[in-house]
Each structure stands twice: as structure tokens, then as C-alpha cells.
Amino acid sequence: MRPLSRRGAPSTAQRQNRRPLPDGPRHPGRRRSGESDQAQQRRSGAPWHFWLVVIMATVYLGWRAVEGVVWLIQWIAGVIS
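Residues numbered from 1 in each chain as written. Predicted model: local features only at pLDDT ≥ 70, side-chain atom pairs only at ≥ 80, totals over all residues. Heavy atoms only, no water.

**Some remarks on the confidence of the model for the protein chain**
Item 1. Mean pLDDT over the protein chain: 77, with 47% of residues reaching 70 or higher.
Item 2. Taken element by element, the protein chain is modelled with least confidence in helix 2 (residues 10–16), mean pLDDT 58, and with most confidence in helix 4 (residues 48–80), mean pLDDT 97. (pLDDT = per-residue confidence, 0-100. Helix = DSSP H or I, 4+ residues; strand = E, 2+ residues; numbered from the N terminus.)

Spelled out as C-alpha cells, the structure:
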């Protein structure tokens with residue numbers, strides 16, 4: 001292990017290893033300067049593929065519910081007869 005004086009001060013190493021900050025704001029709820037309300041809403045909303053998954057899951061579960069009701073009716077009809 002090298003002596004501390006040869007490695008450099010810890011503050012120097014921290015400055016050299018920092019990554020650049022992203023262009024966007026640190027807090028997503030804050031508005032960028034000059035940004036309209038519509039652009040703010042568009043940026044903070046869920047992506048379109050999330051809503052596609054929600055719609056497809058709703059259709060699938062709805063169809064399975066219909067199949068369950070039909071099966072239940074057939075089962076009750078079979079028990080009664």
C-alpha cells in the first residue's frame with residue numbers, strides 16, 4: 001500500500017471520479033424553466049407500453065371471468081340434472 005501523500009488527497013480523488021449530472025432535473029416533480037404545463041404532464045405520465053399492458057391484462061382477465069361464469073353455469077346445470 002502506498003503512503004497517503006502519494007495517492008493524493010481524498011477530496012481530489014472524489015472530484016476525479018464524479019460522473020456528470022444528467023440534463024434533467026434531480027426532482028421529477030419540479031418544472032424545467034420555460035416548460036409548459038402540457039410538456040410537464042407528458043414527461044411525468046406513464047409510458048404508452050405500460051397502458052398497453054394494463055389494457056391487455058384487463059381484456060384477458062375479463063375473458064377468463066366470462067369463461068368462469070360459463071363453467072359455473074354448466075357445473076350447476078350438471079349437478080341439478
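From this point, the narrative continues.
**Topic: a nonpolar patch on the surface**
Item 1. On the surface, a nonpolar cluster with roughly 680 Å² of combined accessible area is contributed by Trp-71, Leu-72, Trp-75, Ile-76, Val-79 and Ile-80.
Item 2. Its location among the elements puts Leu-72 in helix 4. (Patch = residues over 30% accessible without salt bridge, like charges linked within 9 Å, V, L, I, M, F, W, Y side chains within 5 Å. Areas by Shrake-Rupley, 256 points an atom, 1.4 Å probe, with all protein chains shown as cover. Salt bridge = Lys/Arg side-chain N within 4 Å of Asp/Glu carboxyl O.)

**Notes on the packing of aromatic side chains**
Two measures describe an aromatic ring pair: the distance that separates the ring centres and the angle between the ring planes.
Item 1. Evaluation of the coordinates by the stated rule reveals two aromatic pairs.
Item 2. The interplanar angle of 75° and the centroid separation of 5.0 Å between the aromatic rings of Phe-50 and Trp-51 together place this pair among those described as edge-to-face.
Item 3. Ring geometry for Trp-71 versus Trp-75: centroids 6.3 Å apart, planes at 20°, classification stacked. Within this pair, Trp-71 and its partner Trp-75 are both found in helix 4, separated by four residues, close to a single helical turn.
Item 4. Note on Trp-71: relative accessible area 53%, which makes it exposed. (Phe/Tyr/Trp six-rings, centres within 6.5 Å; stacked < 30°, edge-to-face > 60°. Buried < 20%, exposed > 50% of the residue type's maximum accessible area, 1.4 Å probe, protein only.)

**Here we look at the pattern of salt bridges**
Item 1. What the rule picks out here adds up to one salt bridge.
Item 2. For Glu-67, the salt bridge is made with Arg-64, and the minimal N-O distance between the two is 3.1 Å. Here Glu-67 and its partner Arg-64 are both found in helix 4, three residues apart, which amounts to about one turn of the helix.
Item 3. The exposure class of Glu-67 is partly exposed, given its relative accessible area of 33%.
Item 4. The exposure class of Arg-64 is partly exposed, given its relative accessible area of 47%.

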